[in-house]
Amino acid sequence: MSDGPTLQISPITELFRGDRVALWATTYNVDLDLFNNYLLSRLGEPPLNVVVIADRDRLDSTLELLPPDRLASLGPVNRRWLLRGARLGTGRFHPKSYLAVTGRSVKLLVGSGNLSTSGLDAGREVFAVFAAGTPQGDAAIRTWMSWMRRIVSELDDTMLAERFSDLEERIPRIDSVSVVVESPLWHNLDLPLADQFCDRVLARGELVDELIVTAPYYDETGDALGRLLMRLKPQRLTVYTAASTKVDGTKLEARLAAADAEVRTFAYLPEAFTHAKLIGAVSRDHGWLMSGSANLSNAALSFRAGPAGTGNVELAVVADLPADELRRAFLPPDTQAEERPLTSLATLAFEPSPDASPVPLFHISRATSLPDGRVEITASPPPDDSLRLADHNDTRTLAIGSGRAVTTGVLAGPIVHLVDRANERVSNHSIVEDPESLRRVLQSGEKSSASGRPSELTTSDLDTPLGQALLYLQQNVVMDVSETAGSGGGSDTTRSETQESDADDNLWDRLEREKLGQDPRAGAYARLIRPPASVELGEPLIELLDAMRERVPSEHSPEQTLLRRISGPIRLDNPASGTPWSTSARIRVRARNVLRRWASVQTDPRLTWVDPLAPLGNLALIAATFAQLWRYNAEPGFDAGLTEDDLDDLWLEWIRRFVGTGQGDGLLSNSVLTEGEIRSRLGGDFARNVTVLCWLAIRPGRNRRQRIVEWQPVLRGVLDQDLVEVGDDTVEFLVASGFKVSADAVETDILEALEFIDDDLWCAQRSAELALAGLELKATSAGDRTGIRIMVDGIDDPLHDPRIPALVVSISRYRGTDTVAIFGKNPDWRLAISGDEPIYYMASLHADGVESEHLEPNALDSLAGAAGVIADLFPASARSA
Amino acid sequence: MTAITAVGADPQPAGTPRWIASSLNVKEGRDPLGLQTTTQDRLMPRLLPGILELSRRARYLSFHAYLLDRYRTLRLPADGNSLSTFIKAREWEYGLAVLLCPHGCDSSPVGASSLRSIVHEQSETFPRGQSVESAFGGYGLYYRSPLAELGIVARAGTQLGDKPTPIDVLRDTERARHLTRTFAGAVANTEYVNSWMLTSDPIPADVLVEYAEVACLCQLRVRPDERDAVQDALFGQDDSAGQVTPEGPRGDSFEGEADRDQSPTPRINSDLSPDADRPTDDLPAAVAQRRLSVAHFLSLIENEPRVVEDEGTYREAMWSASSFRSSAHERVAGQWAGLIAKDVWQDALCSIWSEFCRSGFEASSIGGEGLTWDQVRAIASSLTGGPPALSGDELVTDLVERISRSDVSLPGLDGSVHEAELEAIRDSTDRLDSATSGLIALLELHRRASERADPGWLAATQVRSAWQPSISAVFRDITAYLATSPTVAEMLWWIVQRYVLNVHERIAYSKLPEHTFRFRWEEGRVRFYNNGLGRFPLAAIRQEPLSQITRDLALWELTTPSEPAKPQAVLTDRGHRFIEEWLQ
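Residues numbered from 1 in each chain as written. Chains lettered and ligands numbered in written order. Predicted model: local features only at pLDDT ≥ 70, side-chain atom pairs only at ≥ 80, totals over all residues. Heavy atoms only, no water.

Draft legend 1. Local environment of the packing of aromatic side chains. Residue and element names in this part refer to chain B. With the rule as written, the count across this model stands at 40 aromatic pairs over all chains. Aromatic side chains Y481 and W494 sit 4.3 Å apart centroid to centroid with 5 degrees between the ring planes, which places their arrangement in the stacked category. In this pair, Y481 sits in helix α18 (residues 471–482) while W494 sits in helix α19 (residues 488–511), placing the two residues 13 residues apart along the sequence. Note that R520 overlies the ring of F517, its terminal NZ or CZ placed 5.6 Å from the centroid. (Phe/Tyr/Trp six-rings, centres within 6.5 Å; stacked < 30°, edge-to-face > 60°. Helix = DSSP H or I, 4+ residues; strand = E, 2+ residues; numbered from the N terminus. Lys NZ or Arg CZ within 6 Å of the ring centre and 35° of its normal.)

Shown next as structure tokens:
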């Protein structure tokens, strides 16, 4: 065997560092004391997403052994980090993987070591290491994330799913994948690992020279190894063992002796429990090495895992290696391999499963501490009311209903179990989780959410009235649902992969609904919208704006300090009286970005999971804010932070999403409330603010036509939703904002804007309507008739294009003439229509003209209504001209 | 979301498995139950503030003060590295001189282990070098903290005037100046000081011998002026520090509540640790305590001269002191008795710990797996094999009764436990290393302690560590537990559970990545490690420093060999005066 340097890894040093923002582990067993007392403290402070998923039965056995004196050692479990037991199908949950995430890096370790001192530090274990930023690393991490999503989905646990969504958000974006490679990480949810390995090896089409294996556990008779031999048919088999290798050595010896291969056996010296699992195949100078969690058993190698499978859940890593390097990988550092005769295998003994403890009648998969100290459990099968829940001190009856089982009194934990009427324990022990603590650990630190400022704003922006208003909105209502719920489940790749393989994705929707429903800001909408009508949420916002305005050095001296009145609900970061607010052009840019982002996400259906009327509530608050800013802009010496153009622009962004363009395409068209209900529940200010802002958008002045044209479809939607209401308060508000108008003028302006049309607008509208490349109108005189000429771009065959009749009817109505000449721009055909006279058509400028039949009255109207073509009006001989 | 940057290429093909390497450094750990720290970090700094276990020679105080003064007057660079180099070089030369002492004193200087081999070569010249590797040499290790605590040195960072000093400097006090002046006066005419001190050439042996003639550690006791200066440094105070009388020091070293039973949050290495500079306000209390403790030690010499040479004798004398010259004397004697009791408790518990670890390791080796809670309990309960063997079913109250009837002895102990000296009992259990000997020692200590209630005793026995309760609390717990009529087996389990199982793991976890576990809970089972299954030592309790320093100060001397046959310690007139001055 060739010598060479052996690279080693210290998993504890590699994984558990202070800069981690997330650490996820899968393991068969977990050393809770080590994790709580040492490893966790190495990870540093929150925000920190730590999850360990271990084999369910093994975890139950561990908790079973825990004496009452040791319960305090569970302190951080399910409070600072989440522990879950997993069982998919009948096999064990056996993968050993560790994903460590920092703000800029991701590292994945997949190997043989469990989350224990022997697994991560002291034992003979191997790990493959992947780092994001390399093609193989990125591929492995993607596979792991996709695999984990499936695991999480199968476990159907919203707390776990919430943390997985959080993990997806914490994974830094992978920018520079230059090469797409096959993932070196394999799982067995779809295909047994042995199949994958044999397929990979045999795909090369060469004979297998050597199969090399080592593992601590075999099937009793070495059946899985026998299957590998049958499929790969190696010329030679090399087996590494330790005295602790668990297999019926006599039977294995017999099996190998009968194999059609030269067999060599080696013993590791010095003797020590060797937990690494390695399977290598060599053809000539090339090798394939599979490492990971899979022992040499059928449950690990030969069977598929998952809900319908009978195998263990395993993870494996395959590496293509030169043959020498592969052989070297089997030798631990400071260890020798001594060749032994095949008969030496007879000293090895098989050990049946050590976890053969009796299965309890019920299994508690989750126990959650409620804010009032009661405990809710999720158990299988669901418990009935004859059962009670107990910790080590108390026993409580369970209230069963609506699919929930909740104790009727406080239960302190930290672990609970079910007892029957005879006080006999009938379930596993489950560690009670504290959802609030778990969430706090994720949320600590600066993050743009309810607790922070909008991400676009800087700290100094909060020294402006506009910044404070945006902060207030951020803190009191849910403007952007993705800040609470996450991006919707991470990368599209992983989600779609999951959906392909697993149709039931309800868990993720349930998770998001649960998270959004728990957002403390959700309650604001009940106060804002629910009857009786109240604007208590909006008023502080306006008062805040007023207060900010009063602190600006200006001619306006407030008669009373509104700030004092509102200081309760509103926090001012810089309340030193008389301190001038610093304004800058940059806040304007950033505030516009915030408001545009918020506008763009109002149609996110998840927002209604916060509250069905959340979008409407947001609109009401934004309308109030914009209206108020218009007023402040009118005051001498006051810069509200957004210009008039900004406010027009942003209001358009907001309102059109709600009212649409008169085609029933706005959010309000599908609202559960009627127009009247909307107005009554949001109060008169809402209609006034909408009216004011819409009038201001089409107010007389610069670029008015352009604004009217832009706003016309939206105004139609506003009127359709009956949101315009011109009253005295409208006029008062507009006067206060610097516009001296009457109520009639406001109403007239809005209606005129709605009906406004001119040639250019008509052409633009018709072009859009008929999907033409261009339209141009020119007035003409044809004898004693005043006619119109239209230049059309985008129709090749006017005789057979149904848009021609529609165009003719439309122009006739618009210009009140029945004399129309239509010129094609490319190609240059001609059509002349005049009353009931035959239509004259030239296929091109230089072609001979043809005439239609005499037209019946309203013939073109009929054609347009029936989407017909004018070719029907021409003799058959002319139709092909 | 942040973007990932590409990482460097791995030297191995992707997916190649690597064998793991340990990041935990397996070590024995010297204080697995957190008992040494009570002595080292809590009791000793209070009983004898300003004197560390290895700050044993009084003359190093004046020597180091002299070095700091020379460094300043030579205007050498005001940075720590330069000062460190300067001190270590001078300590090297001083160490050579001490080993060449023409008075034949056989003193052991700082760095003696490496210096001895050089001296043995008997060269005509000696190379230059540095005393020890660590920063500031022996000064940094043994004398810096004491000098700072005594108010002689202002450590780097101390605010002097309007800015902090960048290096250690002498305080501008008469005590500090006196200290420097007297050592400087002693060595002023040596060739070493005048021609060799600041050079880097090899030093001729005769230069060092001449230097040792006046500068050796042994010469302090014959240089009255310098001796007074050192004594003043140790037991005096600057005028500004306020007056202290033996009857009423301005404060009590045991007054601090930080690590007494009442404290909700005990601290380790707190401001009471020997390495910390005390605030000026504490100085009078520290000075008074130092005077009282040293005077008490001298008073023991009067009754038992062997306290200067034998730690066992010293312990027993400290425990059994019974004639007092004043209430202050009784108080300080009670404090030291509390320290001794704590050591007996430690050794008794250590015997139980030691046998428990051995038995646990043996049991877990058999099955290969860890032990369940019930198995651990069974092991602890069955630690009755001795010696001496006890019945696990015997009521502890019956055992106590047998001890009090003098029916119980320990192998190797002359007479019964009831009549034996406490130190002999401690020594027996230390030697026997059995759980039953530990239990018997503990029960006898508990009985004897119940007879004490003097203020000094109460103050010292209420001091606890971050890991273990005070012995006062231990005694209370035992009293309460005995009232439940436990059997020997039950009490052994009670002790293991209360003072061993729950403590050791916490300590060992706090020391990770140094793996000092003797046992550990792993997945619901206790796994034992062969990581030093034996006993752990007692912390030093200043027997040697007290002996050496008081002898250097000529507070006692050895009688001449002829009468009596073996020289023994006797107090000098200065020693008597010292006792009279501070204990009356």
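Next comes the rest of the write-up.
Draft legend 2. Examining the side chain of D41 of chain B more closely. Residue and element names in this part refer to chain B. Here D41 shows up in helix α1 (residues 36–47). One buried charge, D41, has no salt-bridge partner; the nearest side chain with opposite charge is R42, at 6.2 Å. Within polar-contact distance, the side chain of D41 engages the side chain of T37 at 2.7 Å. (Buried < 20%, exposed > 50% of the residue type's maximum accessible area, 1.4 Å probe, protein only. Lys, Arg positive; Asp, Glu negative; His and termini not counted. Salt bridge = Lys/Arg side-chain N within 4 Å of Asp/Glu carboxyl O. Polar contact = N/O pair within 3.5 Å; in protein donor to acceptor, adjacent residues only side chain to side chain.)

Draft legend 3. Layout of the sheet that holds strand β14 (residues 286–292) of chain A. Residues and elements named next belong to chain A. Across the sheet, which stays open at both edges, the eight strands sit in the order β9-β15-β14-β13-β10-β11-β12-β16 with mixed pairing between neighbours. In this open sheet, the two edge strands, each paired with only one partner strand, are β9 (185–187) and β16 (336–340). Mean inter-strand twist for the sheet, computed between neighbouring axes without regard to direction, equals 25 degrees. Here β9 runs beside strand β15 (residues 315–322); their pairing, made up of three bridges, is antiparallel. By the bridge assignment for β15, W186 is matched with A316. Relative to the sheet, helix α7 (residues 193–202) contacts β9, β13 (278–283), β14 and β15, its axis offset from that of β9 by approximately 135 degrees. (Pairing = 2+ DSSP bridges. Axes fitted to C-alpha atoms, helices over the stretch in contact; angles between N-to-C directions. Contact = heavy atoms within 4.5 Å.)

Draft legend 4. The packing of helix α16 (residues 435–449) of chain B against α19 of chain B, seen in detail. Residue and element names in this part refer to chain B. Running from N to C, α16 and α19 cross one another at 85 degrees; their axes reach a closest spacing of 11 Å. As summarised for this structure, α16 and α19 are arranged roughly perpendicular, according to the angle between their axes. Here α16 contributes A435, L439, L442 and L443 to the contact with α19, which in turn contributes V488, M491, L492 and I495. A class-by-class count of the residues in the contact of α16 with α19 yields eight nonpolar, no polar and no charged. (Parallel < 35°, antiparallel > 145°, perpendicular 65-115°, else oblique. Nonpolar A, V, L, I, M, F, W, Y, C, P; charged D, E, K, R; others polar.)

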